[in-house]
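Architecture at a glance
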Amino acid sequence: MNKLHKSAWFNLGFVTIGCFVGILCFVLAASRIEEGFNHINVILCLIALCIIIPIVLIIARKKSYEAGFDEREKMIDRQATTLSVYGLVIFLYLTCFIPFVALGGGNTIKIIYLPVVFVCTVFISQLIKSVTIIVQCKLEQDNG
Amino acid sequence: MGSENLSNNIRRLRFDNGQMTQQELADKVGVTRQTIIATESGRYAPSLPLAFKIAQTFGVPIEQVFQYNNENS
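Computed from a predicted model, the values in this text were never measured in an experiment.

1. Quick word on the overall build of chain A
Scanning chain A from N- to C-terminus turns up five helices and zero strands. Going from N to C terminus, chain A has its helices and strands arranged as α-α-α-α-α. Considering only residue pairs separated by 6 or more positions, chain A has 83% of its internal contacts joining residues 24 or more positions apart.

2. Description of the nonpolar core
Counting ten residues, the largest nonpolar core is built from B:Ile10, B:Leu13, B:Leu25, B:Val29, B:Val31, B:Ile36, B:Leu50, B:Ile54, B:Phe58 and B:Val65. Elements with a contribution of two residues or more to this core: α1 (10–16), α2 (22–29) and α4 (48–58) of chain B. Ranked by the residues each element gives to this core, the list is headed by α4(B), at three residues. If we ignore the near neighbours within four places in the chain, the residues touching B:Leu13 are B:Phe58, B:Val60 and B:Val65. In terms of nonpolar packing, the next biggest core, distinct from the first, is built from six residues, A:Leu4, A:Ile76, A:Ile133 and A:Cys137 among them.

3. Considering helix α4 (residues 71–103) of chain A
Residue and element names in this part refer to chain A. Along its 33 residues, α4 runs 48 Å from first to last C-alpha, staying within 8% of the 48 Å computed at 1.5 Å per residue. For α4, every residue scored as buried is listed here: Arg 72, Glu 73, Ile 76, Asp 77, Ala 80 and Ser 84. Downstream of α4 by a residue or two, Gly 104 has a phi angle that is positive, lying close to 95°.

4. Observations regarding the confidence of the model for chain B
Residue and element names in this part refer to chain B. Confidence in the prediction of chain B, expressed as mean pLDDT, is 88, and 90% of residues score 70 or more. The weakest mean pLDDT in chain B belongs to strand β1 (residues 6–8) at 88; the strongest belongs to α4 at 94. Scored by ipTM, the complex comes to 0.76, with pTM at 0.74.

5. Points about the packing of α4(A) against helix α5 (residues 113–142) of chain A
Residues and elements named next belong to chain A. Between α4 and α5, the shortest axis-to-axis distance is 8 Å and the interhelical angle comes to 145°. In the packing of α4 onto α5, the handedness of the crossing is right-handed. Where α4 approaches α5, its residues Ile 76, Asp 77, Ala 80, Thr 81, Leu 83, Ser 84, Gly 87, Leu 88, Phe 91, Leu 92 and Thr 95 are matched on the opposing element by Val 117, Thr 121, Ile 124, Ser 125, Gln 126, Ile 128, Lys 129, Thr 132, Ile 133 and Gln 136. Of the residues in the contact of α4 with α5, the class split is ten nonpolar, nine polar and two charged.

6. What to know about the interface of chain A and chain B
Accessible area lost upon the coming together of the parts is a frequently used measure of interface size. At the interface, eight residues of chain A touch twelve residues of chain B. Ranked by residues supplied to the side of chain A that touches chain B, first place goes to α4(A) with four residues.

7. Regarding the confidence of the model for chain A
With 74% of its residues at a pLDDT of 70 or more, chain A has an overall mean of 78. Of all helices and strands in chain A, the one with the weakest mean pLDDT is helix α3 (residues 52–66) of chain A (62), whereas α4(A) scores best (90).

8. Quick look at unusual backbone geometry
Backbone geometry follows two general trends: most residues other than glycine have a negative phi, and most peptide bonds adopt the trans configuration. Although it is not a glycine, B:Gln19 adopts a positive phi angle of roughly 50°. Along the chain, the position of B:Gln19 falls in the loop between α1 and α2.

About the criteria used
Sequence order as written defines residue numbering, which begins from 1 separately in each chain. Chain letters start at A and ligand numbers start at 1, both assigned in the order the entries are written. Only residues with pLDDT of at least 70 get local features here, since the model is predicted, and only at 80 or more are side-chain atom pairs given and counted; chain-wide, interface and lining totals rely on the full set of residues. Each helix corresponds to a stretch of at least 4 residues labelled H or I by DSSP, and each strand to a stretch of at least 2 residues labelled E; elements are numbered beginning at the N terminus. The contact criterion used here is simple: two residues whose C-beta atoms, placed from the backbone, lie within 7 Å are in contact. One nonpolar core equals one set of buried Ala, Val, Leu, Ile, Met, Phe, Trp, Tyr and Cys residues connected by C-beta atoms within 7 Å. A residue is called partly exposed when the number of other C-beta atoms within 10 Å of its own lies between 12 and 20, exposed at 12 or fewer, and buried at 20 or more, with C-beta atoms placed from the backbone. Helix span, expected: 1.5 Å multiplied by one less than the number of residues in the helix. On a scale of 0 to 100, pLDDT captures the predictor's confidence in every residue. Here an axis means a line fitted to C-alpha atoms, over the contact stretch when the element is a helix, while the angle between two N-to-C directions is reported on a 0 to 180 degree scale. Each crossing gets its hand from how the near helix is turned against the far one by less than a right angle, where anticlockwise is left-handed and clockwise is right-handed. Under this grouping Gly is polar, as are all residues other than the nonpolar Ala, Val, Leu, Ile, Met, Phe, Trp, Tyr, Cys and Pro and the charged Asp, Glu, Lys and Arg.

Encoded structure:
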């Protein structure tokens, strides 16, 4: 398993855990929000903010790995990033337009869905990127 | 990523140079073994600097390592 393959698995695991914790915190905060704004909500939101830390760590980790990537690995990484951006745009498009079509323009949604959409967007883009790299590396291993 | 028109003699040159392994060649030119495998099998077209490094490692001109087959001509 080369560095690129390892970094993809690392990225996938870290983003999955980070997003799961983030969504869990937002859901907990949302379930208590009707009780009024209190310190528990603040703590939950702060924990949810910790999702930013994993993202920063991922970027930092990625940068450190890039130093060890050769030109072919960098190319695979770029292709995976491009694909993940397409995935991100498609996901955002569907997230915005499905409720619009299904519920109609005059309806409202809860604010809690906004951070959830953000976390899901990060997760989807990183999922697509990691899976693309993992599949690419696996195919190359199979080919010899 | 593909290199349909590019062929190479890396495998033969490796064996001509003391049966150099793919890992040894990879270490000498500063890439991973997977990159050498992909290049050798024609699935990856290396950059010019890498192609020159490979040629220099074998001590031959670049055209002895890589050949471009122009189908249009």
